Amino acid sequence: MSDTIVTYTPIDAISTTVQDMRSSFKKGTMRDISFRKQQLKALMAGLRAHEKLIADAITADFGRAPQESIFYDILPVQFEIGQALLNMDKWAQPDKPALVRKEPLGTVVIIGPWNYPIRLILLPLIGALAAGNTVVLKPSELAPNSARAIENLVTDCLDPEVVRVVHGGVAETTELLKQRFEHYFYTGNGMVGKIVAKAAAEHLAGVTLELGGKSPVIVHEDVSDLGPAATRIMWGKLVNAGQTCVGVDYVLVHRSVKDRLIELFLNYIENAYGRLPQKSADYPRIINDRHWQRIMALVNSTKGTVLHTCDDQPDQNDRYIPPTIVDNVSFDDPLMSDELFAPVLPIITYDSLDEALGYVNSHDQPLALYSFGSDKSNEYVFANTRSGGALANDTVFHLAAGNFPFGGTGPSGVGRYMGKYSFDTFSHHRSVLKKAIAFPPPSVDSLRFPPYQGEENAWKPKGFGLLLTMVPLWRLMVSVGPLLRGMAKGRDMAAKPASKQ
Ligand code: NAD
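Remember, predicted model here, so these are calculated numbers, not experimental data.

Basis of the calculations
Residues numbered from 1 in each chain as written. Predicted model: local features only at pLDDT ≥ 70, side-chain atom pairs only at ≥ 80, totals over all residues. Heavy atoms only, no water. Helix = DSSP H or I, 4+ residues; strand = E, 2+ residues; numbered from the N terminus. Buried < 20%, exposed > 50% of the residue type's maximum accessible area, 1.4 Å probe, protein only. Pairing = 2+ DSSP bridges. UniProt positions renumbered as here; feature names shortened; annotations may be inferred. Contact = heavy atoms within 4.5 Å. Near = heavy atom within 4 Å. Polar contact = N/O pair within 3.5 Å; in protein donor to acceptor, adjacent residues only side chain to side chain. Areas by Shrake-Rupley, 256 points an atom, 1.4 Å probe, with all protein chains shown as cover. Nonpolar A, V, L, I, M, F, W, Y, C, P; charged D, E, K, R; others polar. Domains from an automatic or database assignment. Right-handed = clockwise from strand over helix to strand, strands pointing away. Buried area = accessible area lost by both parts, 1.4 Å probe. Salt bridge = Lys/Arg side-chain N within 4 Å of Asp/Glu carboxyl O. Axes fitted to C-alpha atoms, helices over the stretch in contact; angles between N-to-C directions. Parallel < 35°, antiparallel > 145°, perpendicular 65-115°, else oblique. Left-handed = near helix turned anticlockwise from the far one by under 90°. Core = buried A, V, L, I, M, F, W, Y, C linked by side-chain atoms within 4.5 Å.

## Focus on the environment of Thr231
Then, in step 1: Tracing the sequence through the fold places Thr231 in helix α8 (residues 226-238).
Then, in step 2: For Thr231, a relative accessible area of 40% puts it in the partly exposed group.
Then, in step 3: C-alpha of Thr231 to C-alpha of Leu264: the two residues are 33 residues apart in sequence and 7.6 Å apart in space.

This is the structure:
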């Protein structure tokens, strides 16, 4: 099968591709950390050379402004490569004192979604390569121009013995998931996440699921400045036309600040996109007809008040949905039933924060949670909720924090990645303890072996017990040095005058 833009990988070629990657892993080339670095440097150079092609591909897929693709898809990947190149020698070091080696897992598959089609397939790829794996990439068929751009980038700059791309839809991905990998890394919706988890279970392999969910924003009555709050919330809603996994899903706002917040939201929309966002080159489109219809069905069924945000109308032929704010939404409104993934913002007013948190806590743990208020209010929210990540007084930006673990919890995901967390996700932590053949001496060594019967062997269980207790004692002795050093440091600090501490 094929799309008009990419040729799908023939089903019977998929297992050969995976076998090729398994064979090249066995050759051991990726054991060499300098070879891994060379691949990452080539990817960095390729991203520079392909920057315009990639940005144009995303524009062709769903109308996102090329500048935003550079900000959100290309620069973060370059930053992540830089982090890996700077730190991977350190990440690859065995942990002391137990001598835990970081070894590559083998051959891994990375299945990407369409909404940030470059970053969400290349960020995990960086961790997989840095850790020394060979990789099969499966870009989303829903963003075919981007999928082709990924293939061009990979074939142009990476070794075909190390990374291959498989194209296709459900049939091809189903075939791919039948293959044995040492790790399955998937980003997308939870329904397919379950399919991927089952495939990993079939092979008793590891799995990372980067999923979604309804990420709330809570705006407290004690927020110090509603201006930046409104800007950051509306940006977090409308970036990528609401098609962002950690994008704002809905707002819970205290009654005393709601009217002013809405006024500021409306200003933001007009300033960013004008009265006719459909004519703005910066306002993206919905990815396909199916999603356009899904979103419009929800908007048409809401019992809330749809506000007038601009002067144009939804347009199915153009897959356009204007920025939409819905006020007076209740907890049981259709807009609250599932992740929106749309430029539609439901607003729920609260009088009691505990009631609002009760709602959040009685639903699936979201991928992100945002709280705008005083330090005390924000901390109260974080202490009384659960989510993949959380951010005070901003939205989405925790993704840019670098070397922070990114991942969901419960239905919003399994596992984490970014920076060292990616390296660890794609590594096997192998404990390797080296002993001397001559120690303990054979006479002592014999106490762990049968026979145990007879008087002459009665000492063995006691001796064996003693040997086992020697092991923690030995570990304690190893710890004495660092312990003494720590105590000495503590004494030094205590001796310094308070002003210099
Ligand atoms: P999608 O439709 O592009 O699907 C993702 C991948 O799954 C594609 O490669 C596709 O080929 C494959 N796939 C689809 N159906 C399949 C099937 N039946 N069997 C096997 N494979 C199949 O992307 P999507 O799922 O629409 O993405 C949107 C969702 O992803 C949202 O829920 C969003 O929150 C979530 N998401 C999460 C993150 C994150 O980092 N946590 C990032 C982006 C998107």
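## Some remarks on the sheet that holds strand β4 (residues 163-165)
Then, in step 1: On the basis of which strands lie adjacent, the open sheet formed by 6 strands has the order β4-β3-β2-β5-β6-β14 and mixed pairing. What marks the edges here is a single partner per strand, and that holds for β4 and β14 (413-414).
Then, in step 2: Across 4 bridges, strand β2 (residues 107-111) lies against strand β5 (residues 183-187) in parallel orientation. Counted as the bridge partner of Val108 is His183 from β5.

## Some words on the UniProt feature "active site" (unreviewed entry) in the protein
Then, in step 1: UniProt's feature table lists "active site" (unreviewed entry) at Glu210 and Cys245, given in the numbering used throughout. Across 36 residues in sequence, these annotated residues keep their C-alpha atoms within 9.1 Å of one another, forming a single compact spot.
Then, in step 2: Within the fold, Glu210 resides in strand β6 (residues 206-210).
Then, in step 3: Apart from residues no more than four positions distant in its own chain, Glu210 is found in contact with Phe185, Tyr186, Thr187, Gly188, Phe406, Gly407, Gly408, Ser412, Gly415, Arg416 and Tyr417.
Then, in step 4: Mapped onto the elements, Cys245 comes out in the loop between α8 and β8 (250-254).
Then, in step 5: In this structure, Cys245 is in contact with Asn115, Leu211, Ser215, Glu339, Phe341, Leu367 and Phe406, ignoring residues within four places of it in sequence.

## Quick notes on the site of the ligand
Then, in step 1: The immediate surroundings of the ligand are formed by 27 residues, with Ser140, Glu141, Asn189, Leu211 and Glu339 found nearest.
Then, in step 2: Take Gly188: an N or O atom from its main chain is 3.1 Å from an oxygen atom of the ligand.
Then, in step 3: Considered on its own, the ligand offers 850 Å² of accessible surface; in the complex 92% of this is hidden by protein.
Then, in step 4: Looking at the shell around the ligand, the elements that each hand over two or more residues are α6 (170-178), β5 and α7 (190-202).
Then, in step 5: Among the residues making up the shell around the ligand, the classes are represented as 15 nonpolar, 8 polar and 4 charged.
Then, in step 6: Counting contributing residues, the shell around the ligand receives three or more from each of domain 1 (11-211 + 418-430) and domain 2 (216-407).

## A few points about the pairing of strand β12 (residues 368-372)
Then, in step 1: Judged by how many residues are buried, β12 sits mostly within the fold: 5 of 5 residues are covered.
Then, in step 2: Because side chains alternate across β12, one face comprises the buried residues Ala368, Tyr370 and Phe372, and the other comprises Leu369 and Ser371, equally buried.
Then, in step 3: In this sheet, β12 lies alongside strand β7 (residues 216-219) in parallel orientation, the contact comprising 3 bridges. In the sheet register, Val219 faces β12, and the bridge partner there is Phe372.
Then, in step 4: The pairing of β12 with strand β13 (residues 389-392) spans 4 bridges and is classified as parallel. Bridging across to β13, Ser371 finds its partner in Ala392.
Then, in step 5: A crossover connection joins β12 to the parallel β13 through helix α12 (residues 375-383); in handedness this β-α-β unit is right-handed.

## Let's talk about the domain arrangement of the protein
Then, in step 1: Here the protein is described as being made up of domain 1 (11-211 + 418-430) and domain 2 (216-407).
Then, in step 2: Taking only C-alpha atoms into account, the centre of domain 1 sits 30 Å from that of domain 2.
Then, in step 3: The interface of domain 1 with domain 2 comprises 19 residues on the first partner and 23 residues on the second.
Then, in step 4: Regarding the contact of domain 1 and domain 2, the summed buried area is about 1,900 Å², with carbon and sulfur atoms giving 54% of it.
Then, in step 5: Considering only the surface of domain 1 that becomes buried against domain 2, Phe62, Trp114 and Met418 emerge as the three largest contributors, covering 26% of it.
Then, in step 6: Counting the contacts that link domain 1 with domain 2 gives 0 salt bridges.
Then, in step 7: If you look at where domain 1 meets domain 2, you find 7 residue pairs in polar contact (both at pLDDT 80 or more).
Then, in step 8: Counting residues per element, the ones that place at least two in the side of domain 1 that touches domain 2 are α2 (33-62), α3 (66-92) and α13 (420-425).
Then, in step 9: Sorting elements by how many residues they give to the side of domain 1 that touches domain 2 places α3 first, with 3 residues.
Then, in step 10: By residue class, the composition of the side of domain 1 that touches domain 2 is 10 nonpolar, 3 polar and 6 charged.

## Considering the packing of α2 against helix α5 (residues 144-157)
Two packed helices can be described by the angle between their axes and the distance between those axes.
Then, in step 1: For the pair α2 and α5, interaxial distance at closest approach is 8 Å and the crossing angle is 165 degrees. When the axis of α2 is compared with that of α5, the two are roughly antiparallel. The element α2 and its partner α5 pack so that their crossing is right-handed. Contacts from Ala42, Leu43, Gly46, Leu47, His50, Ile54, Ala57, Ile58, Ala60 and Asp61 of α2 reach α5 at Pro144, Asn145, Ser146, Ala149, Asn152, Leu153, Asp156 and Cys157.

## So, the side chain of Glu103
Then, in step 1: Among the structural elements, Glu103 can be located in strand β1 (residues 100-104).
Then, in step 2: Judged by relative accessible area, Glu103 falls into the buried class, the value being 12%.
Then, in step 3: Reaching out from Glu103, the side chain makes a polar contact with the side chain of Arg430 at a distance of 2.8 Å.
Then, in step 4: Setting aside anything within four residues of it in sequence, one finds Glu103 in contact with Arg31, Ala131, Phe426, Ser427, His428 and Arg430.

## Section: the nonpolar core
In globular proteins that are soluble, nonpolar side chains generally tend to be buried together.
Then, in step 1: Counting 88 residues, the largest nonpolar core has Leu125, Leu137, Val219, Val251 and Phe265 as its most contacted members.
Then, in step 2: Taken domain by domain, the makeup of this core includes at least three residues from each of domain 1 (11-211 + 418-430) and domain 2 (216-407).
Then, in step 3: Contacts of Leu137, omitting those with residues within four sequence positions, involve Ile110, Ile121, Leu125, Ile150, Val154, Val163, Arg164, Val165 and Val166.
Then, in step 4: Counting 26 residues, the second largest nonpolar core, distinct from the first, contains Tyr250, Ile295, Ile321 and Val360.

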